[in-house]
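Per-entry structural report
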Amino acid sequence: MKREKKVAVKRLPAVPLITCDPYFSVWSAGDRLYETDSVHWTGKRKRITGTARIDGNDYRFMGRGKAMPMEQTKLEVTAFFTQYCFEMAGVGLAVTFWTPLLLSGLDELSRPCSYLDMAVCSLDGKKHQVEISWEFAGELCCNQGQTEKIGGGSYVLGTAQAAWLGLREQRPLGHSGDSIAIDWGYLYLALEEKAGRAVSYCQERRCLCASFRFSPDGDTRESASLVAAYDDVASICYFGRMLPGYWARDGKTILTAIMEAIREHDSLQGRCETFEQELEEGTGAFGEAYTKICHAAYRQSIAAHKLIADEEGKAVFISKECHSNGCAATVDVTYPSTPLYFLYNPELVRAMMRPVLRFAKMPVWGYDFAPHDAGRYPYVTGQVYGLKAYQKAAQDLGGGGGRLCLSNVLSDAGQCGCLLL
């Protein structure tokens, strides 16, 4: 009996794949990439599937399916990179998911682009024909799985190709709450235009597809990269203003951001590798387990935030709770996470405090203690816990629509907020 190869790292609760922000967040909950479908941070299914056609035979390396799975030989998770290695039919395949969440650069940090790198080699010294195919399901743009309402298309971007999909009827910032995914915006796949590479929107399956052809021979190793991006159009309702991500504050379009991501692939990869080396040097004295915890926590902490710019252009870094009411800019979430941001970029600590302090300065907040939060993601419009009391008080006062200050009415309850009733 053939002995099964061991996965290189101890099991994580979930493996990070795409980690840009609370909505563009895709994870694997299996020990092997082909055991389960990929999911959103909340656990909702968000399928990305990967297939390798080797010399005419199909094998899957990501997601569930009928094809025989490749043998996974490695899984390594670091601060920026998640790398899987597979073997089958004399071919080796390495797939690396990474997002350049560099805290030193706010433009790169907020750019909603993530990379899927792949490398193919021959393990038996023979020449092989290999086609790597990716499929991103339309459910990545839906919260309720309403993929029958999906539409899409494609672009030629100079030296690159891009395809997109999204709901035909867009309702930006159409809902808020806990354990939910985005229901607006557009998913993009893009790649550098070269022979044997293609990206497209498939209307029949309502998905985005990308394919790459390789011909590894002997000691040669061939590689390619795919960019996955998400344009949420409107990111946050910030005290009555619908604001985009920080990256778009000067009117930059998603297509420009994608082209920047393609152009800066190598330089960003180098910066991420340098950061990881420094991180390992700094944490190594505390043991291997501590280093692994720091690697695993780095992406998870940052991707639980959305970076925007307020009306004055100042950075605002908004956290989102998961399975805990979905509050935004929550003080008891901010407090334990600040050491990371104090160490690498204190401006992000100020950016985390701006929405809370802004709300606390409003006349509606009449207390000498801090608010618990500044709203319910993605609505940063005031504390959420007083909503039911507000609604009852508004009814008692014969209230209609508009902004209502109930600090006196709710003084006994100790809850107050700035909410539209």
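Scroll up for the structure.
Criteria and cut-off values
- Residues numbered from 1 in each chain as written.
- Predicted model: local features only at pLDDT ≥ 70, side-chain atom pairs only at ≥ 80, totals over all residues.
- Heavy atoms only, no water.
- Pairing = 2+ DSSP bridges.
- Helix = DSSP H or I, 4+ residues; strand = E, 2+ residues; numbered from the N terminus.
- Phe/Tyr/Trp six-rings, centres within 6.5 Å; stacked < 30°, edge-to-face > 60°.
- Buried < 20%, exposed > 50% of the residue type's maximum accessible area, 1.4 Å probe, protein only.
- Salt bridge = Lys/Arg side-chain N within 4 Å of Asp/Glu carboxyl O.
- 1 Å grid on protein atoms, 1.4 Å probe; cavity = no way out; pocket = protein on both sides within 12 Å on 5 of 7 lines; lining within 4 Å.
- Points joined across faces, edges and corners; volume = space filled by probe spheres on them.
- Axes fitted to C-alpha atoms, helices over the stretch in contact; angles between N-to-C directions.
- Parallel < 35°, antiparallel > 145°, perpendicular 65-115°, else oblique.
- Contact = heavy atoms within 4.5 Å.
- Nonpolar A, V, L, I, M, F, W, Y, C, P; charged D, E, K, R; others polar.
- Left-handed = near helix turned anticlockwise from the far one by under 90°.
- Lys, Arg positive; Asp, Glu negative; His and termini not counted.
- Polar contact = N/O pair within 3.5 Å; in protein donor to acceptor, adjacent residues only side chain to side chain.

Section: the sheet that holds strand β16 (residues 207-214)
Spatially, the six strands line up as an open sheet ordered β6-β5-β4-β11-β16-β15, and their pairing is mixed. Of all strands in the sheet, those bounded by a partner on one side alone are β6 (68-69) and β15 (197-202). Bridge count between β15 and β16: six bridges; the pairing is antiparallel. What sits directly across from S200, in β16, is C209.

Concerning the packing of aromatic side chains
When we look at a pair of aromatic rings, we describe it by the centre distance and by the angle of the planes. Scanning the model with the defined rule gives 23 aromatic pairs in all. With centroids separated by 6.3 Å and ring planes inclined at 85°, the aromatic side chains of Y84 and F97 adopt a geometry described as edge-to-face. In this pair, Y84 sits in strand β8 (residues 81-88) while F97 sits in strand β9 (residues 91-98), placing the two residues 13 residues apart along the sequence. According to the relative accessible area criterion, F97 is buried, its value standing at 0%. An aromatic cluster of three or more residues is present, and its members are F80, F81, W98, Y115, F275, Y298 and Y344.

Remarks on the pattern of salt bridges
Taken as a whole, this structure holds 20 salt bridges when the rule is applied. We note a salt bridge from R249 to D107, for which the minimum N-O separation is 2.8 Å. In this pair, R249 sits in the loop between β19 (241-243) and α2 (254-263) while D107 sits in helix α1 (residues 106-110), placing the two residues 142 residues apart along the sequence. Where E347 meets R350, a salt bridge forms, and the shortest distance between an N and an O atom there is 2.9 Å. Taken together, the positions of E347 and R350, both in helix α6 (residues 347-360) and three residues apart, correspond to about one turn of that helix. For R350, a relative accessible area of 46% corresponds to the partly exposed category. Overlapping salt bridges bring together R111, K252, E260 and E264 as one network.

Describing the pairing of strand β21 (residues 315-319)
Counting buried residues along β21, five of its five residues qualify, which places the element largely inside the surrounding structure. Residues of β21 alternate between two faces, with A315, F317 and S319 on one and V316 and I318 on the opposite face, all of them buried. As paired elements, strand β20 (residues 305-309) and β21 share five bridges and run antiparallel to each other. By the bridge assignment, H305 is partnered in β21 with S319. Counting the residues in the hairpin turn of β20 and β21 gives five residues, including G313, whose phi is positive at 85°.

Examining unusual backbone geometry
The residue after Y377, namely P378, is reached through a cis peptide bond having omega 5°. Looking at the secondary structure, you find P378 in the loop between α6 and β22 (379-380). A positive phi angle, close to 55°, is found at L173, a residue other than glycine. Summarising the element assignment, L173 is placed in the loop between β13 (160-167) and β14 (186-192). One non-glycine residue, A329, adopts positive backbone phi at about 55°. Following the sequence through the fold, A329 ends up in the loop between β21 and α5 (331-344). The exposure class of A329 is buried, given its relative accessible area of 1%.

A look at empty space enclosed by the protein
Remark: the empty space left among the atoms is shown by a probe the size of a water molecule rolled over them. Tallied over the entire structure, the rule returns six cavities of 30 Å³ or more. In this structure, the largest cavity occupies an estimated 110 Å³ of space. Looking at the largest cavity, the residues that line it are C20, D21, L101, L109, S110, R111, P112, I302, H305, K306, L307 and F317. Taken together, the elements giving at least two residues each to the lining of the largest cavity come down to α1 and β20. The dominant element in the lining of the largest cavity, judged by the number of residues it contributes, is β20, at three residues.

Considering the packing of helix α4 (residues 288-303) against α5
Where α4 meets α5, the closest approach of the two axes is 11 Å, and the angle between their N-to-C directions is 105°. Taken together, the axes of α4 and α5 lie roughly perpendicular to each other. In this structure, α4 contributes Y298, S301 and I302 to the contact, and α5 contributes S337, L340 and Y341. Considered class by class, the residues forming the contact of α4 with α5 number four nonpolar, two polar and no charged.

Let's talk about the packing of α5 against α6
At a closest axis distance of 9 Å, the pairing of α5 and α6 adopts a crossing angle of 160°. Here α5 is positioned roughly antiparallel relative to α6, judged by the angle of their axes. Relative to α6, α5 is oriented so that their crossing is left-handed. Contact residues: α5 offers V331, T334, S337, T338, Y341 and F342, while α6 offers L348, V349, M352, M353 and V356. Classifying every residue of the contact of α5 with α6 by side-chain character gives eight nonpolar, three polar and no charged.

A short note on the side chain of K46
Here K46 shows up in the loop between β3 (39-40) and β4 (48-54). No salt bridge is formed by the buried K46, whose closest oppositely charged neighbour, E139, lies at an N-O distance of 6.8 Å. Here the side chain of K46 touches E139 through a polar contact of 2.7 Å, landing on its backbone oxygen. In this view, K46 contacts V26, S38, V39, H40, E139, L140, C142, N143 and A181; residues no more than four positions away in its chain are not counted.

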